[in-house]
Amino acid sequence: MLSREENELLTRTGPGVPMGELFRRYWLPALLSEELPAADGPPIRVRLLGEDLVAFRDSVGRVGLVEAHCAHRGASLFFGRNEESGIRCVYHGWKYNVDGQCVDMPNEPPESTFKEKIRLTAYPTREAGGVIWAYLGPPNEMSELPQLEWTRVPSSHRYVHKRRQACNYLQNVEGEVDSAHVSFLHRQFNPGQLGRMARGQALLGQATDRAPVFVVNETEYGLRISARRTWNDETHYWRITQFLMPSYTMIPAEPVFPISFTAAIPLDDENLWGYTVAWHPDRPLTEAEVATIESWTGIYAEVVPGSYGTVATKANDYLVDRQRQRTESFTGIRGIREQDLAVQEDQWGPICDRTREHLGTTDAAVIAVRHRLLRAVRDAQRGQGPVEAYRGEAYRVRSAAFLLPQSTPIDDGARSALVASV
Ligand code: FES
Ligand SMILES: [Fe+2]
């Protein structure tokens, strides 16, 4: 349970509010590289942290991310002409480069220097891992790109996916670190039907212990969340989830299976961009693996082209099938991601009212993430940190799941499994 003030502090991410300012100190995934496939291609709308922006790829391939409206009289630059290294407003022809600088003003006399005084808000971008990252913070405090392993492997080794989700970012983060829900929300009654979604989670499917014990460790990048289930008299089954500031998680897969990363990036306070990545550190993903991964990212949902939304939504009750709920699965909803959406998009609404909760022992990870974020936002309000945003190498970690003799300390058993190789 949180106080009303704490809940507000954690969930509000627009410009000028404390958590919004904290998010802006990190490089954040802003869109997929595939959304801007070609130089001088069509500009697209981007909404991020409550700000309306337009993104375009200029003639030499640089990505501009600028405020959505023209500085002249506010026309939408989404309709702009992306030509000759700049975006030109279609109303009166003012043109801006990727830095937001006005470079042409064809409706003014040629000798005018007015254009030199006109600049749009523009945010720096970088491309890594098939993602266009943006820094929306103060220019003189620019941080470092996180050195996440999946951004450093060849593109054949990773699968990157994006979706739009209709709730506050924190509900999604809490779901990702909440290892206990997997045994319920995502349960299939007939293990033979687990099929694609179970690959990489075979041990979890067999685990009978549904009340994991959580051990949470503070780390430089965020938190290491270890969930321990009793496997048999001598063995524990460990699932180690990483929480990385400000809103990233790495979900464990068993050895030889691809590793998973998720990001919950506020689009605004009631919507998020959810990024899902799976990668193999040292070999390309196979077709079968991509099929497996897609079952985690909404393949059942027929993505509406261009919107990154799903067909199963709150408005159609996520296409819940009550017959299937009796016979096949705990929810009767198809698809892991859709099951998550059904519970996350309405937890007393799109912004969960955490003053009403009754947290139990398996909510330890959720509580720990909130405390980590509250501490970070309060530190930032006092002018301290966030230190990890300036240490990209701190993000070179992995998640892992494995069996370990009960006599082996988790720190020994986990050491090599949690370090990125590139
Ligand atoms: S409104 Fe954009 S050039 Fe006039
Ligand atoms: Fe889930």
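Basis of the calculations
Residues numbered from 1 in each chain as written. Chains lettered and ligands numbered in written order. Predicted model: local features only at pLDDT ≥ 70, side-chain atom pairs only at ≥ 80, totals over all residues. Heavy atoms only, no water. Pairing = 2+ DSSP bridges. Helix = DSSP H or I, 4+ residues; strand = E, 2+ residues; numbered from the N terminus. Domains from an automatic or database assignment. Contact = heavy atoms within 4.5 Å. Buried area = accessible area lost by both parts, 1.4 Å probe. Salt bridge = Lys/Arg side-chain N within 4 Å of Asp/Glu carboxyl O. Polar contact = N/O pair within 3.5 Å; in protein donor to acceptor, adjacent residues only side chain to side chain. Nonpolar A, V, L, I, M, F, W, Y, C, P; charged D, E, K, R; others polar. Phe/Tyr/Trp six-rings, centres within 6.5 Å; stacked < 30°, edge-to-face > 60°. Buried < 20%, exposed > 50% of the residue type's maximum accessible area, 1.4 Å probe, protein only. Lys NZ or Arg CZ within 6 Å of the ring centre and 35° of its normal. Donors = N, O, S within 2.8 Å, 3.2 Å for Na, K, Ca; no water. Tetrahedral: all angles 85-135°; square planar, octahedral: opposite > 155°, others 65-115°. Axes fitted to C-alpha atoms, helices over the stretch in contact; angles between N-to-C directions. Parallel < 35°, antiparallel > 145°, perpendicular 65-115°, else oblique.

> Honestly, the sheet that holds strand S5 (residues 81-82) in this entry has me stumped. Any pointers?
Strand pairs in the sheet, formed through backbone hydrogen bonds, run parallel or antiparallel to each other. Pairing in this open sheet of four strands is antiparallel, and the strands run S5-S6-S7-S8 from one edge to the other. Each edge of the sheet is formed by a strand with only one pairing partner; in this case those strands are S5 and strand S8 (102-104). For strand S7 (residues 95-96) and S8, the ladder comprises two bridges, and the chain directions are antiparallel. In the sheet register, lysine 95 faces S8, and the bridge partner there is aspartate 104.

> Explanation requested: the domain arrangement of the protein in the structure shown.
Accessible area lost upon the coming together of the parts serves often as the stated size of an interface. Once the domains are mapped, the protein shows domain 1 (35-128) and domain 2 (149-418). If you average the C-alpha positions of domain 1 and of domain 2, the two centres end up 37 Å apart. Contacts between the two partners involve six residues from domain 1, matched on the other side by nine residues from domain 2. Regarding the contact of domain 1 and domain 2, the summed buried area is about 630 Å², with carbon and sulfur atoms giving 53% of it. Counting the surface domain 1 buries against domain 2, the share from its top three residues, Glu35, Arg47 and Ala128, is 67%. Counting the contacts that link domain 1 with domain 2 gives two salt bridges. One can count six residue pairs in polar contact (both at pLDDT 80 or more) joining domain 1 with domain 2. For the side of domain 1 that touches domain 2, the per-class residue count stands at three nonpolar, one polar and two charged.

> Would you take a moment to explain the packing of aromatic side chains for this structure?
Within a pair of aromatic rings, the relevant descriptors are the distance that separates the centres and the angle that separates the planes. Scanning the entire structure with this criterion turns up nine aromatic pairs. With 5.1 Å between their ring centres and 75° between their planes, phenylalanine 78 and phenylalanine 79 make a pair best called edge-to-face. Residue classification places phenylalanine 78 among the partly exposed positions, given a relative accessible area of 25%. Counting every residue linked through ring pairs, the aromatic cluster contains Trp133, Trp150, Tyr248 and Phe261. Over the ring of tyrosine 308 we find lysine 162; its NZ or CZ atom is 4.9 Å from the centre of that ring. Across from the ring centre of tryptophan 273, 5.9 Å away, lies the NZ or CZ of arginine 164, which sits over that ring.

> Sorry, what's going on with the coordination of the iron ion (ligand 2) here?
The textbook angles at a metal center are 109.5 degrees for a tetrahedron of four donors and 90 or 180 degrees for an octahedron of six. Protein coordination of the iron ion (ligand 2) is provided by His181 (NE2), His186 (NE2), Asp340 (OD) and Asp340 (OD), with donor distances spanning 2.1 to 2.7 Å. Here the iron ion (ligand 2) binds four donor atoms, and the angle range of 53 to 154° at the metal identifies the geometry as irregular. Along the chain, the residues donating to the iron ion (ligand 2) are arranged with the sequence spacing H-x4-H-x153-D. Here aspartate 340 lies in helix H9 (residues 336-344) and histidine 181 lies in the loop between helix H3 (169-177) and helix H4 (182-185), a separation of 159 residues in the sequence. Here the two residues histidine 181 and aspartate 340 agree in accessibility, since each one is buried.

> Help me out: how do you make sense of the pattern of salt bridges in this one?
Pairing between side chains of opposite charge can happen when the charged atoms of each approach one another. Tallying each qualifying case throughout the model produces 29 salt bridges. A salt bridge links arginine 88 to glutamate 83; the shortest N-O distance between them is 3.0 Å. Connected via shared salt-bridge partners are Arg81, Glu83, Arg88 and Asp104.

> Explanation requested: the packing of helix H1 (residues 4-11) against helix H10 (residues 364-381) in the structure shown.
The angle between the axes and the distance between the axes are what describe a pair of packed helices. Where H1 contacts H10, the two axes come as close as 10 Å, and the packing angle between them is 80°. Classified by the angle their axes make, H1 and H10 are roughly perpendicular. On H10, the residues touching Glu5, Glu6, Leu9 and Leu10 of H1 are Arg370, Leu373, Leu374, Val377, Arg378 and Gln381.

> Explain the pairing of strand S14 (residues 235-244) to me, please; I cannot follow it from the model alone.
The element S14 is largely enclosed, with a buried count of ten among its ten residues. With burial as the criterion, each face of S14 is covered, one bearing Thr235, Tyr237, Arg239, Thr241 and Phe243 and the other bearing His236, Trp238, Ile240, Gln242 and Leu244. Sheet topology places strand S13 (residues 222-230) next to S14; nine bridges connect them, and they run antiparallel. Bridge pairing in S14 links arginine 224 to glutamine 242. For S14 and strand S18 (residues 400-405), the ladder comprises six bridges, and the chain directions are antiparallel. Of the residues in S18, the one forming a bridge with threonine 235 is proline 405. Two elements, S14 and strand S15 (residues 248-251), share three bridges in a ladder whose sense is antiparallel. Directly across from leucine 244, in S15, lies its bridge partner tyrosine 248. Connecting S14 to the antiparallel partner S15 that follows it, the hairpin turn spans three residues.

> Could you clarify how one ought to interpret the sheet that holds strand S1 (residues 27-32) in this entry?
Spatially, the three strands line up as an open sheet ordered S1-S10-S9, and their pairing is antiparallel. Two strands close off the open sheet at either side, each with one partner strand: S1 and strand S9 (125-128). Ignoring strand direction, the axes of neighbouring strands in this sheet form an average angle of 35°. With four bridges connecting them, S9 and strand S10 (residues 131-135) associate as antiparallel partners. Pairing of alanine 128 across the sheet is with valine 131, part of S10.

> What is the right way to look at the environment of alanine 414 in this model?
With respect to the helices and strands, alanine 414 occurs in helix H11 (residues 410-414). Relative accessible area serves as the criterion here: at 0%, alanine 414 is assigned to the buried category. A sequence separation of twelve residues divides alanine 414 from phenylalanine 402, and the C-alpha atoms of the two residues are 8.7 Å apart. Ignoring sequence-local partners within four residues, the contact set of alanine 414 consists of Ile240 and Phe402.

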